[in-house]
Amino acid sequence: MADQKKTKKQGRGIKEVFRKYIVALKRSPQTIPLIALMASFFIYSLNLTAIANTTARINGKNMGQCEFVAMLFSILAFVVFLRSFPKRKKANKPMLGLLGGMLALLIFVDNVYIKRIVSATTRAENKIVIDKNTKYIDTAKSVVTLHVICIVITAVLLITLPLYAKAIRKIRTSIDVEANENMAAIDISDDE
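Residues numbered from 1 in each chain as written. Predicted model: local features only at pLDDT ≥ 70, side-chain atom pairs only at ≥ 80, totals over all residues. Heavy atoms only, no water.

1. Examining helix H7 (residues 161-169)
Given 3.6 residues per helical turn, the α-helix brings residues three or four places apart onto the same face. How we decide: Exposure categories follow from relative accessible area, calculated using a 1.4 Å probe and restricted to protein chains: below 20% of the type maximum is buried, above 50% is exposed, and the middle band is partly exposed. Only runs of H or I of at least four residues qualify as helices and only runs of E of at least two qualify as strands under DSSP, and these elements are numbered from the N terminus. Directions are taken from the helix axis to each C-beta atom, and the arc is the one they span.
Among all positions of H7, only Leu161, Tyr164, Ala165 and Ile168 are buried. Around the axis of H7, the buried residues are gathered within 110 degrees of arc, so they sit on the same side. In H7, the exposed positions that point more than 90 degrees away from the buried face belong to Pro162, Leu163 and Lys166.

Structure representation (structure tokens):
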């Protein structure tokens, strides 16, 4: 019997955490694209060693600049994102435009980087062979591809934000309190 009460209490605790999370999303639905942007940043930055080694090994045209711009604008995108959605105010449209430009630039430089890797590993003469010593090239290519996918997801989430924000706001998160249902039955007259 005590185990059943404990299980019910844990179930209510999980429901309450989920309810609070939905309430927080109702207040600021822009958290969803922010999480996607954070994921893309962490994917890129935590694998920067493989990307830097690939840049040093291939040494293709503008690869270093692409790597630098991708890292710089991944960081700056956070600042611009946070300035785009001030607390309790409408979205700042010029900053949203700047954020869109940064995301487009990130996609462009990542695609240039991927093309340099593909051309270095598939060219006819002096082709770079990927073996156990240069497997970081495959890792870098996969990471940059995943970074592009996450940036595209972030952009799609930003574009569709007004749509799913309305849907999130329609979710009922109020708590039913049993004592409030019988408010008419409470006698508030002064009986002295």
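On we go.
2. A look at the nonpolar core
Note the threshold: Take the buried residues of types Ala, Val, Leu, Ile, Met, Phe, Trp, Tyr and Cys, join any two whose side-chain atoms come within 4.5 Å, and each joined set is a nonpolar core. Only heavy atoms enter the contact rule, under which two residues are in contact if any of them lie within 4.5 Å.
With 42 residues, the main nonpolar core has Leu37, Ile51, Ile58, Phe81, Leu99, Leu103 and Tyr113 as its most contacted residues. Elements with a minimum of two residues in this core: helix H2 (31-45), helix H3 (48-58), helix H4 (63-84), helix H5 (93-122), helix H6 (136-159) and H7. Once residues within four sequence positions are removed from consideration, Leu99 is found in contact with Ala77, Val80, Phe81, Ser84 and Leu158.

3. Examining the packing of aromatic side chains
Here is the rule we go by: Only Phe, Tyr and Trp rings are paired, with Trp represented by its six-membered ring, and only when their centres lie within 6.5 Å; those with planes under 30 degrees apart are stacked, over 60 edge-to-face, the remainder tilted.
In total, this model carries 3 aromatic pairs according to the counting rule given. For the ring pair Phe41 and Phe78, a centre distance of 5.4 Å and an interplane angle of 85 degrees mean the geometry is edge-to-face. Separated by 37 residues along the polypeptide, Phe41 in helix H2 and Phe78 in helix H4 bring together distant segments of the chain. Connected via pairs of aromatic rings, a cluster forms that spans Phe41, Phe42 and Phe78.

4. Some thoughts on the packing of H3 against H4
Let me state the cut-off plainly: Every axis in this analysis is a line fitted to C-alpha atoms, fitted for helices over the stretch in contact. Angles between the N-to-C directions lie between 0 and 180 degrees. Here the word oblique covers every angle except those under 35 degrees (roughly parallel), over 145 (roughly antiparallel) and from 65 to 115 (roughly perpendicular). Helix crossings fall into two classes, left-handed where the near helix is turned counterclockwise from the far one by less than a right angle and right-handed where it is turned clockwise. Residues are sorted three ways: Asp, Glu, Lys and Arg are charged, Ala, Val, Leu, Ile, Met, Phe, Trp, Tyr, Cys and Pro are nonpolar, and all the rest, Gly among them, are polar.
Axis separation between H3 and H4 bottoms out at 9 Å; the angle between their running directions is 160 degrees. Between H3 and H4, the crossing angle belongs to the class labelled roughly antiparallel. Seen along the crossing, H3 lies across H4 with a hand that is left-handed. Taking contact as the criterion, the partners of Leu48, Ile51, Ala52, Thr54, Thr55 and Ile58 in H3 are, on H4, Met63, Gly64, Glu67 and Met71. For the contact of H3 with H4, the class distribution of residues is 6 nonpolar, 3 polar and 1 charged.

5. So, a nonpolar patch on the surface
Using the following cut-off: Nonpolar side chains (Val, Leu, Ile, Met, Phe, Trp, Tyr) are joined into patches within 5 Å and like charges within 9 Å, using only residues with over 30% relative accessible area and no salt bridge. What sets the accessible areas is the Shrake-Rupley method with a 1.4 Å probe; for residues, cover comes only from the shown protein chains. Just to be clear on terms, a salt bridge is a Lys or Arg side-chain nitrogen sitting within 4 Å of an Asp or Glu carboxyl oxygen.
On the surface, a nonpolar cluster with roughly 330 Å² of combined accessible area is contributed by Phe18, Tyr21 and Ile35. Along the chain, Ile35 turns up in helix H2. For Ile35, a relative accessible area of 44% translates into the label partly exposed.

6. A look at the environment of Leu161
As for its placement among the helices and strands, Leu161 is situated in helix H7. Remark: the alpha-carbon pair of Leu161 and Gln30, spanning 131 residues in sequence, is separated by 7.0 Å. Setting aside its immediate chain neighbours within four residues, Leu161 contacts Pro29, Gln30 and Phe85.

7. Brief notes about unusual backbone geometry
In the Ramachandran plot, Asn59 falls in the positive-phi region, its phi being about 55 degrees despite a non-glycine side chain. With respect to the secondary-structure elements, Asn59 resides in the loop between H3 and H4. With a phi close to 65 degrees, Asn62 is a non-glycine residue in the positive phi region. Looking at where Asn62 falls in the secondary structure, it is placed in the loop between H3 and H4.

8. Regarding the side chain of Asp110
Stated precisely, the cut-off is as follows: The charged-residue count follows a simple rule in which Lys and Arg add positive charge and Asp and Glu add negative charge, with His and chain termini not counted at all.
Mapped onto the secondary structure, Asp110 falls in helix H5. Lacking a salt bridge, the buried Asp110 has Arg116 as its closest oppositely charged neighbour, with an N-O distance of 12 Å. Non-local contacts of Asp110, meaning those with residues more than four positions away in its chain, are made with Tyr44, Ala70, Val144, His147 and Val148.

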